[in-house]
Amino acid sequence: MTQARTDWVAGDMTGMRIPAHGGALLAGGESFLTSAFQAGGLLERDNRVAKITEFQEFAGGSTGRKALLSVSYERAAGAPPTQLFVKFSRDFDDTIRDQARRQMESEVHLASLSRLPAFPIAVPACLFADYQHDSGTGILITQRIFFGTDGIERHYEKCRDYEMPSMLEHYQALMRALGKLAGTHKAGRLPPDVSARFSFDPDRLAVSERAPYTAQQLQNRVSRLAEFASRYPQLLPPDVASQSFIARLRDQVVAFPEHEAGIKRLLHRRPELIALCHWNANVDNAWFWRNGGGQIECGLMDWGHVSQMNIAMALWGALSAAEIELWDRHLDGLLGLFDREFQACGGPALDLEALQLHLNLYIALMGLAWLLDVPASLQRQIPDLESVADRFDPRLVEHESARTRLQMMSTFLHLWQTRDFPGALRRYLRG
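A. Highlighting the overall build of the protein. Per the secondary structure count, the protein includes 17 helices and 11 strands. Relative to the compact-globule value of 22 Å for 431 residues, the protein shows a C-alpha radius of gyration of 23 Å, a close match. On the principal axes, the C-alpha backbone points of the protein span a range of 70 × 50 × 45 Å. Split into buried and exposed, the 431 residues of the protein put 53% on the buried side.

What follows is the structure in structure tokens.
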């Protein structure tokens, strides 16, 4: 279903008329971009955008339309970058994608915040950002990150970490970045209006929230998982494909539905474990480089839904697509690194035992809500699944949705077995 098309709206932040889609931006041309970049503070008043030299629109990601934009300036000296990235909140040709347009509002606020000298981590330099709350229409124009050039590593796709050199070092860079942002926020080193602009709103954080499954519905899904594991054992880690584990899982899931609301209250009531965080700081939303000392550092992009949140939510967002090996061998070290960066930036010392409990309970709820549906989804997405050799088969690897959902489900099930989620539930119930 095509959405009612809007060309221009008045932005809430600047008051300027902003384009809702690529055609409107091109119609506004150099005149609009000049005014926008001057309003954003990066283009001098005596300079202007001389020409749009490239505009290539595409529909990547899960929300809105995107475009590659290149410009020239009347005076190059002191001008902003010429090769840019444009993100619209709207996609008028896709109802489902357009429904996610609200995710950009906080991203626009973050783009403004990132211009401040006290902002602690690297993000793409923002030339212009504005958003209209009433319609959910927004635009974000930033510098373009060129992967694989000038010391920046190539882009890493989600759930393909086995292709990444020095995997642990990259996740250490992610933990440092998350810790710096959260710690700077908790130390009060960001502007006073940050708490209002990025309020803690658990209902807004529940992206695409669905009604909880009943105990019987969960058991039905575990039964379908057992069938999937029996038919396609080559796609799952051996411990996850074990029928004895799946039988135990079927018995254990019934304890969670009645306590879901209480677990969510627990996750929301410890203010020291709630901070400004990136919602999905996975490797595909980052760029990496080595500093002068040889240490890997990273910047973060795609800040949709940025807000104050339980730190456990941000940690799962960053680690959910990682290899199981990373969870098994390095989780404690990564959490410790996050805590050290958090404190170094002024945050309080974290109760790591409480953080681990929150992380276990959050993963349990997320997995039960979303990842037990993966077997049915995979069988719809990949024809002749029986002939797929393993999770490294090109037919699976090249299908992003199937690849990521299978890996995240496998990780969730492995963590259920090794991190004892039923035990975490018992600890929660004991208070």
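Now that the structure has been shown, we can carry on.
B. Just the sheet that holds strand β7 (residues 137–143), in detail. With antiparallel pairing, the 5 strands of this open sheet are ordered in space as β3-β4-β5-β7-β6. Only two strands of the sheet have a single partner each, and these edge strands are β3 (49–58) and β6 (126–132). Neighbour to neighbour, the strand axes of the sheet diverge by 20° on average, direction disregarded. Here β3 runs beside strand β4 (residues 66–73); their pairing, made up of 8 bridges, is antiparallel. Along β4, the bridge assignment pairs Phe58 with Lys66. Packing against the sheet, helix α1 (residues 22–39) makes contact with β3, β4, β5 (83–88), β6 and β7, and its axis sits at approximately 140° to β3. Each of β5, β6 and β7 is contacted by helix α3 (residues 104–113), which is oriented at about 145° to β6, the strand it contacts most.

C. Molecular detail of the environment of Ala67. Here Ala67 shows up in strand β4. For Ala67, a relative accessible area of 0% puts it in the buried group. As for Ala67 and Gly22, which are separated by 45 residues in sequence, their C-alpha atoms are 7.6 Å apart. Residue contacts for Ala67: discarding those within four places in its chain leaves Phe55, Gln56, Glu57, Phe58, Leu84, Phe85 and Val86.

D. Layout of the pairing of β7. Summarising burial for β7: 6 of the 7 residues are buried, a large majority. Sheet topology note: the β5/β7 ladder contains 5 bridges and is antiparallel. In the sheet register, Leu84 faces β7, and the bridge partner there is Gln143. Taken together, the 6 bridges between β6 and β7 define a ladder with antiparallel strand orientation. Bridging from a neighbouring strand, Asp130 pairs with Ile139 of β7. Turn length for the β6-β7 hairpin, with the two strands adjacent in sequence and antiparallel, is 4 residues, and the turn residue Gly136 shows positive phi of about 75°.

E. Molecular detail of unusual backbone geometry. Of note, the phi angle at Asp384 is positive, near 50°, even though the residue is not glycine. Checked against the element boundaries, Asp384 lands in the loop between α14 (374–381) and α15 (394–397). Under the relative-accessibility criterion, Asp384 is labelled exposed at 57%. Phi at Asp420 takes a positive value of approximately 55°, unusual for a residue other than glycine. Given the relative accessible area of 34%, Asp420 is considered partly exposed.

F. Representation of helix α4 (residues 167–186) within the structure. Here α4 is 20 residues long and its end C-alpha atoms lie 29 Å apart, about the 28 Å a rise of 1.5 Å per residue gives. Across the 20 residues that make up α4, a large majority, 15, are buried. Positive backbone phi, approximately 75°, marks Gly188, located one or two places after α4.

G. How the structure looks around the packing of helix α12 (residues 324–344) against helix α16 (residues 400–419). At a minimum axis distance of 9 Å, the contact between α12 and α16 shows a crossing angle of 35°. On the side of α12, the interface is formed by Ile324, Trp327, Asp328 and Leu331, while α16 contributes Gln407, Ser410, Thr411, His414, Leu415, Thr418 and Arg419. A breakdown of the residues in the contact of α12 with α16 according to their chemical character gives 4 nonpolar, 5 polar and 2 charged.

H. Structural context of empty space enclosed by the protein. In this structure the tally under the stated criterion is 2 cavities of 30 Å³ or more. As a volume, the largest cavity reaches approximately 100 Å³. What lines the largest cavity is a set of 11 residues, among which Pro212, Tyr213, Glu260, Leu368 and Ala369 lie closest to the centre. Looking at the lining of the largest cavity element by element, the count peaks at 3 residues for helix α13 (residues 352–370). Class assignment for the residues of the lining of the largest cavity results in 9 nonpolar, no polar and 2 charged. The computed volume of the second largest cavity comes to approximately 50 Å³. If you trace the second largest cavity, you find it lined by Cys159, Tyr162, Arg391, Leu396, Arg403, Leu406 and Gln407. Among the elements that take part in the lining of the second largest cavity, α16 stands out by supplying 3 residues, more than any other.

I. Main features of the packing of aromatic side chains. If you walk through the whole model with that rule in mind, you get 13 aromatic pairs. Taken together through their ring pairs, the aromatic side chains of Phe256, Phe412, Trp416 and Phe421 make up a single cluster. Here the guanidinium or amino end of Arg221 rests over the ring plane of Tyr213, the centre of that ring lying 3.8 Å away.

J. Molecular detail of the packing of helix α11 (residues 311–319) against α13. Between α11 and α13, whose axes approach to 9 Å, the crossing angle comes to 65°. Between α11 and α13 lies a crossing of right-handed hand. Within the contact between the two elements, α11 uses Ile311, Ala312, Met313, Leu315 and Trp316 and α13 uses Leu355, His358, Leu359, Tyr362, Ile363 and Met366. Residue classes in the contact of α11 with α13 are distributed as 10 nonpolar, 1 polar and no charged.

K. Structural context of the side chain of His259. When you line up the elements, His259 lands in the loop between α9 (243–252) and α10 (260–268). When its relative accessible area of 19% is taken as the criterion, His259 is described as buried.

Rules of the game
Residues numbered from 1 in each chain as written. Predicted model: local features only at pLDDT ≥ 70, side-chain atom pairs only at ≥ 80, totals over all residues. Heavy atoms only, no water. Helix = DSSP H or I, 4+ residues; strand = E, 2+ residues; numbered from the N terminus. Rg over C-alpha atoms; globule rule 2.2 N^0.38 Å. Buried < 20%, exposed > 50% of the residue type's maximum accessible area, 1.4 Å probe, protein only. Pairing = 2+ DSSP bridges. Axes fitted to C-alpha atoms, helices over the stretch in contact; angles between N-to-C directions. Contact = heavy atoms within 4.5 Å. Expected span 1.5 Å × (residues − 1). Nonpolar A, V, L, I, M, F, W, Y, C, P; charged D, E, K, R; others polar. 1 Å grid on protein atoms, 1.4 Å probe; cavity = no way out; pocket = protein on both sides within 12 Å on 5 of 7 lines; lining within 4 Å. Points joined across faces, edges and corners; volume = space filled by probe spheres on them. Phe/Tyr/Trp six-rings, centres within 6.5 Å; stacked < 30°, edge-to-face > 60°. Lys NZ or Arg CZ within 6 Å of the ring centre and 35° of its normal. Left-handed = near helix turned anticlockwise from the far one by under 90°.

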